[in-house]
Amino acid sequence: MEGALKKIPKFAVLQLSGCAGCEVSLLNASEWYDKYELVYMPLVVSTHHIPDDIEVLLISGGVRNDEDAYKLQRAVKLVDRVIAVGTCAISGGVTNLGDRDDVREIFLSQAKRAHLPQLLSKTHPVDAYVDIDLYLPGCPPTPELFMGALLDPQGFKAASIVCAECGRRKLNDMKPDHITGFQKGDLDPDICLVNQGFLCVGTSTRGGCRAPCTRAGHPCVGCRGPSNAFIEKESGVWMESIQRVFERMTNIPSEELNEALRSPQLSMFLFQFSDYAGGNRRIRSKDKVL
Ligand code: SF4
Ligand code: SF4
């Protein structure tokens, strides 16, 4: 008979209001299979309650209703190490875009009839309710980032900003007059997308994703959130910085740039750059962000 089975630590994934993209990314990583046992994640491993012998709890999704808040506060009592993963858990994410009065009215009237959870006025980041040991931003975080968070957060190596992982060259003498727009125009595969008129915010976005979007020709929309230089600053500091980048690298009129920075395409992620400062939740130290 083989020796006794090796005991490996258990972890759980608490899914609050989100899209399950984080869970799919976690399942696309494989290095944790023989190092951790996944014991709870409703997408694929379903038990009625989170077991009380887990060592790590990952939280995906934000707090959109009172049931999310209840499940979150209950779950963190079971575990010492809590990791908030993805834009929704850290800043509200896609569920924040549903903050519409009409939706709320419909939901609340249904709630009266069917005892559904009560919708909150907005999606709250999880650290408005509980202490977090590690933040793993991204929409979703890549499999490699999940591995870093689970297996070796101290040893995970990442560039400070996406530009340093992108590999495109910035040019001083190539200044577009207007924003090219998403999915438009011919692309040079080696030149910085800002030089080509795309609204790429990689200059102030946290590295670690290895720049899959910009390498493929899509501007970085900032899903990894602010780099360390901006984490503990007011949102206006980030806005001024990104404006300066475009003033230096392009001839795009400031009104056109400002309108584009507030466009629906970017709004889902860019509020991360403001949510890091102030608000009713715990201070996020850069030492806690992977
Ligand atoms: S601004 Fe965007 S395209 Fe340009 S180097 Fe940085 S990440 Fe790459
Ligand atoms: S390149 Fe930008 S948008 Fe794409 S994964 Fe990285 S941080 Fe997110």
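Participant: Is there a simple way to explain the overall build of the chain in this structure?
Facilitator: A count of helical and extended segments in the chain gives 12 helices and 7 strands. When contacts within the chain are restricted to residue pairs at least 6 apart in sequence, long-range pairs at least 24 apart make up 76% of them.

Participant: Just to check I follow, could you spell out the site of ligand 2 for this structure?
Facilitator: Inspection of the region around ligand 2 gives Val162, Thr205, Cys209, Ala211, Pro212, Cys213, Thr214, Cys220, Val221, Cys223 and Arg224 as its neighbouring residues. The residue makeup of the shell around ligand 2, split by class, is 8 nonpolar, 2 polar and 1 charged.

Participant: I keep staring at the sheet that holds strand 5 (residues 81-85) and nothing clicks. Help me out?
Facilitator: The strands making up a sheet are joined through hydrogen bonds of the backbone, oriented either antiparallel or parallel. An order of 2-1-3-5-7 is seen for the 5 strands of this open sheet, with the pairing classed as parallel. Here the strands that pair on one side only, and so sit at the sheet edges, are strand 2 (37-40) and strand 7 (134-136). With strand direction ignored, the average angle separating the axes of adjacent strands in the sheet is 25 degrees. When strand 5 meets strand 7, the two strands line up parallel, connected through 3 bridges. Paired with isoleucine 83 across the strands is leucine 134, a residue of strand 7.

Participant: Help me understand the environment of leucine 26 in this model?
Facilitator: Its location among the elements puts leucine 26 in helix 1 (residues 21-28). In this structure, the C-alpha to C-alpha distance between leucine 26 and methionine 147, residues 121 residues apart in sequence, is 8.3 Å.

Participant: Is there a simple way to think about unusual backbone geometry in this case?
Facilitator: What you tend to see is this: most non-glycine residues have negative phi, and most peptide bonds are trans. For the peptide bond that leads from cysteine 139 to proline 140, omega is -10 degrees, which places it in the cis range. One non-glycine residue, arginine 210, adopts positive backbone phi at about 70 degrees. Within the element layout of this structure, arginine 210 appears in the loop between helix 6 (163-166) and helix 7 (212-215). A tally of 15 C-beta atoms within 10 Å means that arginine 210 is categorised as partly exposed.

What counts, and where the lines are drawn
- Residues numbered from 1 in each chain as written.
- Chains lettered and ligands numbered in written order.
- Predicted model: local features only at pLDDT ≥ 70, side-chain atom pairs only at ≥ 80, totals over all residues.
- Helix = DSSP H or I, 4+ residues; strand = E, 2+ residues; numbered from the N terminus.
- Contact = placed C-beta atoms within 7 Å.
- Near = placed C-beta within 6 Å.
- Nonpolar A, V, L, I, M, F, W, Y, C, P; charged D, E, K, R; others polar.
- Pairing = 2+ DSSP bridges.
- Axes fitted to C-alpha atoms, helices over the stretch in contact; angles between N-to-C directions.
- Buried ≥ 20, exposed ≤ 12 C-beta atoms within 10 Å, placed from the backbone.

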